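So the chains spell out like this:
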Amino acid sequence: LSRFEKQSKINQVYEKHMRSLSKDSLLDLDKEIKDWVENRIKELKYLEFTVINKVSVNDGKITPESNGNVPGGIINQFSLDENKDVLRIATTTNPLFSQFVDQSTSKNNVYALDEDLKIIGALEGLAEGERIFSTRFIGDRLYMVTFRQVDPFFVIDLSNPKDLKELGKLKIPGFSRYLHPYDENTIIGLGQDSTDQGRATGLKISLFDVSDVSNPKEVAKYTSGIDYSSSVAEYEHKAFLFSKEKNLLVIPFYSYSYGPFIEEGMPEGADGGDISVVKSESFPASRGYNGALVFEIKKNSITVRGLIDHSKGDKGYYYSSLMERSL
C-alpha cells in the first residue's frame, strides 16, 4: 500500500472506533490526547528545525555520515559556514501561536556543530521580535542583520565554538539583504532604506566599519530616494559586481516610480562626521528606471558614477525584461 492508502485505512479504523464511544469516553480521550500533545511540545521546546545531513563523496560513491538539526530556519546559503571542522549556522525561530507553548515572538540564534553535527555552542534569543535578513561568516566572525523597524547590524565572535559571544551591534534605519566584505574591517551592505516605522523607502548601500568590534559604525551610505526601487543583487549575489582594485561596484537597478537618484551623506552629527550630499542627478525615463547602477566605492565613501540605461529594451510592462547581470 502507498503511504496515502495506509493513512486512509488508519483514518477509517480510527473514525469507526470514535463513533462507537460514549460521550464521556470521547471527552476522556480528548483530554488524554491534549495532555500528551502538551507534554510532548514542552519536551521539544521548539517546533521548527533545520535538518542537516552530512555525506561523503568518494570514487563516485555517496555515503551518509551524520545527521543533526538546529532550531529555526535559514534564509540562504550564507546562513551556514564550515571552519576548522566546525559548522556554524544562523537561524530564525518564527512566532508560534499555540495553547501549549509560549513562543509568540520570533528569535534569532547562532549555533556551532561538531563533525558529528552535534550542537557544541549556542547564542540564542538575539533581536527578539525580529528576523534575520542577511548573514556573512568571515573567519572567526559573523556579521548579521535583523530587521523589524530598524536594522541591528551584529558582530558576533565565533573564535571559541563552545562560547559564542555578541561583540557589538549598530541600530540604523533600513536593512541589508546582502553583506559583502570590502576588506578585513569594512563590510558592504546592500538592501533597503526605511522609515522609523519600518516601511521600505528604496535601495540603500551601506559601508560598515568594524575595526572596533564593540562599536561598529556606518561610515558612508547611498540611498536612491525612490520608493520601490530595488536590485536583484539583494537576493542573488552573482549580480553583485565588485572590484576593490578598481574601486568599482555595479548592481542591477530598477524602479517603477519616478524621481531623481539621490546620493545622501551621513546625517548631521552622526558618527563619521557630516558628509555632505555628493551628487544628485536625474535620468530621463517615462516608465521608471532599468539598468546598471555604477558606483565608485572606497573604504569611507560611495559615489554614483552613473546609470547604464536599459529602459529602451523593455515594453513598459511590469513583467518586461530587466537588467540582471554585469561583467
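Residues numbered from 1 in each chain as written. Predicted model: local features only at pLDDT ≥ 70, side-chain atom pairs only at ≥ 80, totals over all residues. Heavy atoms only, no water.

(A) The overall build of the protein chain, seen in detail. Counting secondary structure elements, the protein chain contains two helices and 22 strands. Here the protein chain holds 327 residues, and the buried ones make up 42% of them. The long-range share in the protein chain, meaning contacts at least 24 apart out of those at least 6 apart in sequence, stands at 51%. Total accessible area on the protein chain is roughly 18,400 Å²; 49% of this is exposed by carbon and sulfur atoms. (Helix = DSSP H or I, 4+ residues; strand = E, 2+ residues; numbered from the N terminus. Buried < 20%, exposed > 50% of the residue type's maximum accessible area, 1.4 Å probe, protein only. Contact = heavy atoms within 4.5 Å. Areas by Shrake-Rupley, 256 points an atom, 1.4 Å probe, with all protein chains shown as cover.)

(B) Just the sheet that holds strand β7 (residues 107-113), in detail. Strands sit in the order β3-β4-β7-β8 across an open sheet of four strands; the sheet is antiparallel. Looking at which strands have only one partner, the edges of the open sheet turn out to be β3 (80-83) and β8 (119-126). Across the sheet, the mean angle from the axis of one strand to that of its neighbour is 15°, orientation sign disregarded. Here four bridges tie β3 to strand β4 (residues 86-93), and the two strands are oriented antiparallel to one another. Each bridged residue has a counterpart across the sheet, and for D81 the counterpart in β4 is R88. (Pairing = 2+ DSSP bridges. Axes fitted to C-alpha atoms, helices over the stretch in contact; angles between N-to-C directions.)

(C) Summary view of the pattern of salt bridges. Within this structure, the stated rule accounts for seven salt bridges. Among the salt bridges present, the one from K34 reaches D30, with a minimum N-O distance of 3.6 Å. Of this pair, K34 and D30 both sit in helix α2 (residues 23-44), four residues apart, which is roughly one turn of that helix. On the accessibility criterion, K34 (40% relative accessible area) is partly exposed. (Salt bridge = Lys/Arg side-chain N within 4 Å of Asp/Glu carboxyl O.)

(D) Expanded view of the confidence of the model for the protein chain. For the protein chain, the mean per-residue pLDDT works out to 85, and 84% of the residues sit at or above 70. The least confident element of the protein chain, judged by mean pLDDT, is strand β20 (residues 279-281) at 38; the most confident is strand β17 (residues 241-243) at 98. Note that pLDDT drops below 50 for residues 262-287; the model gives that stretch 53 contacts with residues more than four away or on any other chain. (pLDDT = per-residue confidence, 0-100.)

(E) Inspection of the pairing of strand β15 (residues 200-209) at higher detail. Among the 10 residues of β15, eight are classified as buried, and the element is accordingly described as predominantly covered. Bridge analysis of strand β14 (residues 186-194) against β15 gives nine bridges, and the strand direction is antiparallel. Residue S194 lies in a different strand from β15, and its bridge partner there is A200. Hairpin geometry of β14 and β15 is characterised by an intervening segment of five residues between the two adjacent antiparallel strands and by a positive phi of about 95° at G198.

(F) Structural context of the sheet that holds β17. Pairing within the open sheet is antiparallel, and its four strands lie in the order β17-β18-β21-β22. Where the open sheet ends on each side, the last strands, each with one partner, are β17 and β22 (301-309). For this sheet, the mean angle separating the axes of adjacent strands, direction not counted, is 25°. Bridge count between strand β18 (residues 248-255) and strand β21 (residues 289-298): eight bridges; the pairing is antiparallel.

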